[in-house]
Amino acid sequence: METVLKVENLSKIFPKVVANDNVSFDLKKGEIVAILGENGAGKSTLMNCLYGIYHPTKGDIYIKGEKVKLTKIEDAEALGIGMVHQHFMLVEDLTVAENIILGRKTGITPYLDLKKVEKAVKELSDRYNFGLNPKSKIKDLSVGTRQRVEILKMLYRNADILILDEATAVLTPQETVELFKTLKHFVDEGKSILMITHKLEEVMELADRVVVLIDGKMAGSVNRVDTNPRQLANMMVGRDVLMDFDIKPVVHDNLILQVKNLTVKNNHGLEKIKNLSFEIKQGEILGVAGVDGNGQAELAEALTGLMKIDKGEIVIGEKVFTHLKPKMIYEQGMSHIPQDRHERGLVLDMTVNENLALEGISHVPFSYNGIIDFKYIKSHGKAMIKDYNIKCYDGSCPTKELSGGNQQKVIVAREIDRKPNIIIAVQPTRGLDIGATEFVRNKLLEEKERGAAVLLISTELEEILMVSNRIAVIHEGEFMGVIDNKNVDILELGLMMTGMRGDKDEK
Ligand SMILES: Nc1ncnc2c1ncn2[C@@H]1O[C@H](COP(=O)(O)OP(=O)(O)OP(=O)(O)O)[C@@H](O)[C@H]1O
Ligand SMILES: [Mg+2]
């Protein structure tokens, strides 16, 4: 088969970091190659070099047999390369069609051109069963649909080499199934795909070949048919990753968090949480499973003071709250690992040390009587970076220079390490490599055993099953049932996710 892309001895050196070190691999027509590696291994950097965002410090790139120099994104796109990023790059207030022509030079009047683009977008969308309306505003679309817009943007620009950087990290299992169908369709048409993922089952399902990076270097390349998830994990991490957790039973009776008749409305006045009641005991993990968009985000935001409560109350220990502010949350010992790490969790322009202190900055031990203890912030940062294996040259590194997974580790470290009474964790392992995922799940279990009450909201049922004492299934803002993890029937959970009430309600 024709080689459509070849990388030879590529290195990318940032002022303080060697992100890629002498990497060589190729991609053939109609092939899917998976790029695997731990957080910070250099996957995104390598792909950014192929998309003209970064310029390699050394080495060569060949596209369809020609040696090329990609100085900007347009150079890569002109050669048929398209990339969907780890974080979406769509403008929320613009429509699908507007986002797709954004930054394109046209020459025709914008009005006429937009009509033409809308028609073309519709045709492409129909061809791949994307079901997109070119006139929808991005802000009204679900995450899965936004991703289809990103992919369509690349198809519109005639990409035949598609780069997907953790394309499934934000998708629900159903959306992932749809995406994979599309990707298989692409390669059947002769397009080629480079995909980064941390999910080994996805590699086994989709990839023809796997390239593994360790610390920026090539650790190996294997054919999918010659490998298995265990071997891949070993190649990446150098040990077996078992994901085998021991969920100890709840031994305390006192209720740490009680939610009573909670109703939350969104901006449009729609009830996203409907008269919801539940409680979590000391030393208990309650997992909330469900298809994304069923009120999970609103539940987490109402509990952490980021969204207004319409009716009901939240009882933390003995204290009753009918309205909450983020500051009160901090003072009540509640931690929050938010769904969107860029919007809510981090200040990207600040250093790692500063982000590790963040909400605590005006409190002991980060400051005394209004005076910030910079020495403490530094030593605290140093300890966190070590304990949570955050990859950066040191704590003075701007957080925006960390890899995606390492940014997530900063939030997890900050929120877990302050010994909270309550942890609201939303997709806490999103974007983490398998070793870090195992570490964070173990941390949640340790925190629960220490006595924290944990609310784990995740669209990954597997994650919920691995660590929760009880599992609630949320559907359209209501719990369809709450089941003890010991009595779980997966089929029943699946039905509850579609809106059926469970009969084993043990609430
Ligand atoms: N713009 C930048 N400036 C300085 N260093 C950077 C920059 N971008 C990435 N790095 C560093 O390069 C290394 C590789 O980062 P990269 O984002 O490529 O990792 P990754 O394999 O994609 O990880 P993840 O799985 O967490 O997304 C990291 O040490 C990171 O901190
Ligand atoms: Mg990355």
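Residues numbered from 1 in each chain as written. Chains lettered and ligands numbered in written order. Predicted model: local features only at pLDDT ≥ 70, side-chain atom pairs only at ≥ 80, totals over all residues. Heavy atoms only, no water.

So, on to the overall build of the protein. Check the secondary structure of the protein and you find 17 helices and 22 strands. Taken over the C-alpha trace, the protein has a radius of gyration of 24 Å; the compact-globule value for 507 residues is 23 Å, and the two agree within 12%. For the C-alpha atoms alone, the extent of the protein along its principal axes is close to 70 × 50 × 45 Å. Taking all 507 residues of the protein together, the buried fraction comes to 53%. Excluding contacts between residues fewer than 6 apart, the proportion of contacts in the protein whose partners are at least 24 apart in sequence is 67%. (Helix = DSSP H or I, 4+ residues; strand = E, 2+ residues; numbered from the N terminus. Rg over C-alpha atoms; globule rule 2.2 N^0.38 Å. Buried < 20%, exposed > 50% of the residue type's maximum accessible area, 1.4 Å probe, protein only. Contact = heavy atoms within 4.5 Å.)

Here the protein is partitioned into domain 1 (3–237) and domain 2 (255–497). Using C-alpha coordinates to define each centre, domain 1 is positioned 30 Å away from domain 2. Approximately 1600 Å² of surface area, both sides summed, lies buried where domain 1 meets domain 2, with 54% of it carried by carbon and sulfur atoms. A salt bridge links lysine 391 to aspartate 215; its shortest N-O distance comes to 3.3 Å. For the pair domain 1 and domain 2, the interface holds seven residue pairs in polar contact (both at pLDDT 80 or more). The dominant element in the side of domain 1 that touches domain 2, judged by the number of residues it contributes, is helix H8 (residues 229–237), at three residues. Looking at side-chain class alone, the side of domain 1 that touches domain 2 contains eight nonpolar, eight polar and five charged residues. (Domains from an automatic or database assignment. Buried area = accessible area lost by both parts, 1.4 Å probe. Salt bridge = Lys/Arg side-chain N within 4 Å of Asp/Glu carboxyl O. Polar contact = N/O pair within 3.5 Å; in protein donor to acceptor, adjacent residues only side chain to side chain. Nonpolar A, V, L, I, M, F, W, Y, C, P; charged D, E, K, R; others polar.)

Looking now at unusual backbone geometry. With an omega dihedral of 0°, the bond running from valine 364 to proline 365 counts as a cis peptide bond. Tracing the backbone shows proline 365 in the loop between helix H12 (352–357) and strand S17 (367–368). Although it is not a glycine, asparagine 261 sits at a positive phi angle of roughly 50°. A relative accessible area of 40% places asparagine 261 in the partly exposed class.

Quick look at the sheet that holds strand S6 (residues 81–84) now. Working definition: the strands of a sheet are paired by backbone hydrogen bonds and lie parallel or antiparallel to each other. Judged by pairing direction, the sheet is mixed, and its six strands sit side by side in the order S6-S7-S8-S3-S9-S10 without closing on themselves. Of all the strands in the sheet, just S6 and strand S10 (217–223) have a single pairing partner and so form its edges. The sheet shows a mean angle of 20° between the axes of neighbouring strands, taken without regard to direction. Strands S6 and strand S7 (161–165) of the sheet are contacted by helix H5 (residues 143–156), whose axis makes an angle of about 170° with S6. Helix-sheet contacts for helix H6 (residues 173–188) involve strand S3 (32–37), S7 and strand S8 (192–196), and the interaxial angle to S8 is about 145°. (Pairing = 2+ DSSP bridges. Axes fitted to C-alpha atoms, helices over the stretch in contact; angles between N-to-C directions.)

Spatially, six strands are ordered S16-S19-S20-S13-S21-S22 in an open sheet, and the strand pairing comes out mixed. Where the open sheet ends on each side, the last strands, each with one partner, are strand S16 (334–337) and strand S22 (478–484). Across the sheet, the mean angle separating the axes of adjacent strands is 15° when strand polarity is ignored. Taken together, the five bridges between strand S13 (residues 284–289) and strand S20 (residues 453–457) define a ladder with parallel strand orientation.

A few words on H8. Listed in full, the buried residues belonging to H8 are Leu232, Ala233, Met235 and Met236. Across the axial projection of H8, the buried residues extend over an arc of 160°, all falling on one side. Contacts from the buried residues of H8 go to S3, helix H7 (200–206), strand S9 (209–214), S10 and helix H15 (434–450). Two or three places before arginine 230, at the opening of H8, asparagine 228 has a side-chain oxygen 3.1 Å from that residue's backbone nitrogen. In the stretch just after H8, glycine 238 is the one whose phi turns positive, near 80°. (Arc of directions from axis to C-beta.)

Next up on the list: H15. In this model, H15 (17 residues) spans 24 Å end to end at C-alpha, consistent with the 24 Å of a helix rising 1.5 Å per residue. A large share of H15 lies buried, amounting to 12 of its 17 residues. Of the residues making up H15, those classed as buried are Ile434, Gly435, Ala436, Thr437, Glu438, Val440, Arg441, Lys443, Leu444, Leu445, Glu447 and Lys448. Immediately beyond the C-terminal end of H15, within one or two residues, lies glycine 451, with a positive phi of roughly 130°. (Expected span 1.5 Å × (residues − 1).)

Attention shifts here to the environment of tyrosine 330. Mapped onto the fold, tyrosine 330 is located in helix H10 (residues 326–331). Overall, the relative accessible area of 18% leaves tyrosine 330 in the buried class. Measuring from C-alpha to C-alpha, the distance between tyrosine 330 and glutamate 359 comes to 7.4 Å, with 29 residues separating the pair along the chain. Excluding residues within four positions of it along the chain, tyrosine 330 makes contact with Glu359, Gly360, His363 and Arg418.

Look at helix H14 (residues 404–417) against H15: their axes get within 12 Å of each other, and the N-to-C directions meet at 15°. Classified by the interaxial angle, the pair formed by H14 and H15 is roughly parallel. Crossing of H14 over H15 shows left-handed handedness. Here Lys409, Val412 and Ile416 of H14 come into contact with H15, specifically with Ala436, Val440, Lys443, Leu444 and Glu447. Along the lines of polarity and charge, the residues of the contact of H14 with H15 split into five nonpolar, no polar and three charged. (Parallel < 35°, antiparallel > 145°, perpendicular 65-115°, else oblique. Left-handed = near helix turned anticlockwise from the far one by under 90°.)

Counting 76 residues, the largest nonpolar core has Leu5, Phe25, Ile35, Met47, Leu50, Ile193 and Leu194 as its most contacted members. Those residues within four positions of leucine 194 in sequence are excluded, and the remaining contacts are Phe25, Leu27, Val33, Ile35, Met47, Leu50, Leu162, Ile163 and Leu164. With 33 residues, the next largest nonpolar core counts Leu276, Ala300, Met307 and Phe479 among its residues. (Core = buried A, V, L, I, M, F, W, Y, C linked by side-chain atoms within 4.5 Å.)

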